[in-house]
Amino acid sequence: MTRLALALVLPAVVVVAGCGSSAGPSVTVGAARTYQLQNFEPARAVRAGKPTVVSFTIRQPDGTPLTQYKRGPGPHTGIHLIIVRSDLSTIIHRHPPVQASGRTSQRVVFPAPGRYRVVVDAYPAHGPAGLRNFQLVDWIRVAGKARSQPLPPYQPDVIVDGYRFTMHPHPALHAIDPAFLTVTVRDPSGRPATFSPWYGALAHAIFFRQGSLDYFHTHICSPGATGCTSLLGGSKVTGTSTTPGKLSVGVLVPIAGTWRLFLQTQVNGHILTAPFTVQVR
Ligand SMILES: [Cu+2]
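What counts as what
- Residues numbered from 1 in each chain as written.
- Predicted model: local features only at pLDDT ≥ 70, side-chain atom pairs only at ≥ 80, totals over all residues.
- Helix = DSSP H or I, 4+ residues; strand = E, 2+ residues; numbered from the N terminus.
- Buried ≥ 20, exposed ≤ 12 C-beta atoms within 10 Å, placed from the backbone.
- Contact = placed C-beta atoms within 7 Å.
- Pairing = 2+ DSSP bridges.
- Axes fitted to C-alpha atoms, helices over the stretch in contact; angles between N-to-C directions.
- Core = buried A, V, L, I, M, F, W, Y, C linked by C-beta atoms within 7 Å.
- Domains from an automatic or database assignment.
- pLDDT = per-residue confidence, 0-100.

Engineer: Before we move on, can you summarise the overall build of the chain with the specific residues and values?
Structural biologist: When you go through the chain residue by residue, the secondary structure sums to 0 helices and 19 strands. Taking all 281 residues of the chain together, 40% fall into the buried category. In the chain, the share of contacts with a sequence separation of at least 24, taken over all contacts with a separation of at least 6, comes to 64%.

Dropping the structure here:
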């Protein structure tokens, strides 16, 4: 029954359930009505370093495939496919196209053996009232001996492909309490980086909680951009970037713990992923 869905960010549900993807199969919309991942592939272990096609259909509570997704500007459209290894050492983030049948397929390459959590973050065009997006989860096993890596401690400076990401000092973060982290990015020559839109945003902040793999996702857009706000129960947050090389990253997570923030942005055609460890009280 691991293919069963878990709907999150659903106001009708207790907030803490929001991203509590560790809760397992879950009722979401009314009594015993759930969204589910159907015919999720791969069903068996796959190989590291080889292309793997991840595919699935989202089954609606009425049994039919979900085929209509939100469109338009901003990042909150379609399906976001986010895959992390269970030790949070690696992340894959794609926005695969949805076929007319509702089937979605994405080719990915897993870098190393291990268990990978798959989060399908879906934005239906016509969801139930109050439901903007929801997440369904599954697992993929990549064969071989997994070498689990301990989560690195907080480091304010992260260098990715020669680009330096620096997180500025910040007050303590609290669950369900929107906050902002300032991160500056400099290119290999030390100049402020110029962010260009990727998947509808200047940057994506993807949060996973150590151990339970709870998930949340916020975005950084240009000032005045529409469709950039992330919601969690009655809370919301919108990240912005008004100065070259500087990101104001919205933080909004459902529960306290140690979280890995994967900050992704596009600079000079490079997709950069900068991981940070952050504590939430
Ligand atoms: Cu995103």
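Engineer: Can you tell me about the sheet that holds strand E5 (residues 103-109), naming the residues and giving the values?
Structural biologist: Spatially, E1-E2-E5 is the arrangement adopted by the 3 strands of the open sheet, whose pairing is antiparallel. Two strands close off the open sheet at either side, each with one partner strand: strand E1 (36-41) and E5. Adjacent strand axes in the sheet meet at a mean angle of 25 degrees, parallel and antiparallel pairs treated alike.

Engineer: Account for unusual backbone geometry, with residues named and values stated.
Structural biologist: Pro42 follows Glu41 through a cis peptide bond whose omega is 0 degrees. By the element assignment, Pro42 lies in the loop between E1 and strand E2 (51-59). Phi is positive for Ile176, close to 60 degrees, though the residue is something other than glycine. On the secondary structure map, Ile176 appears in the loop between strand E9 (163-167) and strand E10 (179-186). Phi at Asn268 takes a positive value of approximately 50 degrees, unusual for a residue other than glycine. Relative to the helices and strands, Asn268 resides in the loop between strand E18 (257-267) and strand E19 (270-280).

Engineer: Report on the sheet that holds strand E7 (residues 134-142), specifying residues and quantitative values.
Structural biologist: Sheet architecture is open: 4 strands sit in the order E4-E3-E6-E7, paired in antiparallel fashion. Only two strands of the sheet have a single partner each, and these edge strands are strand E4 (91-94) and E7. Shown here is a sheet whose adjacent strand axes are inclined to one another by a mean of 15 degrees, direction ignored. The pairing of strand E6 (residues 114-122) with E7 spans 9 bridges and is classified as antiparallel. Looking across to E7, one finds that Arg115 is bridged to Arg141.

Engineer: Go over the nonpolar core with me, naming the residues and quoting the values.
Structural biologist: Judged by nonpolar contacts, the single largest core of 63 residues is most densely connected at Phe207 and Leu263. Among the domains, domain 1 (15-142) and domain 2 (157-280) are the pair contributing at least three residues each to this core.

Engineer: Describe in detail the pairing of strand E12 (residues 203-209), supporting the description with residues and values.
Structural biologist: Within E12, 7 of the 7 residues are buried, which leaves the element mostly enclosed by the surrounding structure. By the alternation rule, side chains of E12 split into Ala203, Ala205, Phe207 and Arg209 and His204, Ile206 and Phe208, which are all buried. The antiparallel hairpin formed by E12 and strand E13 (residues 215-221) contains 5 residues in its connecting segment, where Gly211 sits at a positive phi of about 90 degrees. Direction of pairing for E12 relative to E18: antiparallel, over a ladder of 7 bridges. Residue pairing across strands places Ala205 opposite Leu263, the latter belonging to E18.

Engineer: Any details on the environment of Val278? Residues and values, ideally.
Structural biologist: With respect to the helices, strands and loops of the structure, Val278 is situated in strand E19. Of the residues examined, Val278 has 17 C-beta atoms within 10 Å and is grouped as partly exposed. Excluding residues that lie within four positions of it along the chain, Val278 makes contacts with Tyr154, Leu173, Trp259 and Leu261.

Engineer: Run through the confidence of the model for the chain, naming residues and quoting values.
Structural biologist: Reading predicted coordinates in detail is not appropriate for stretches of low pLDDT. Looking at the chain, the pLDDT average stands at 87 and 89% of residues meet or exceed 70. When the criterion is pLDDT under 50, residues 1-27 qualifies, and its contacts beyond four places in sequence or with other chains add up to 70 contacts.

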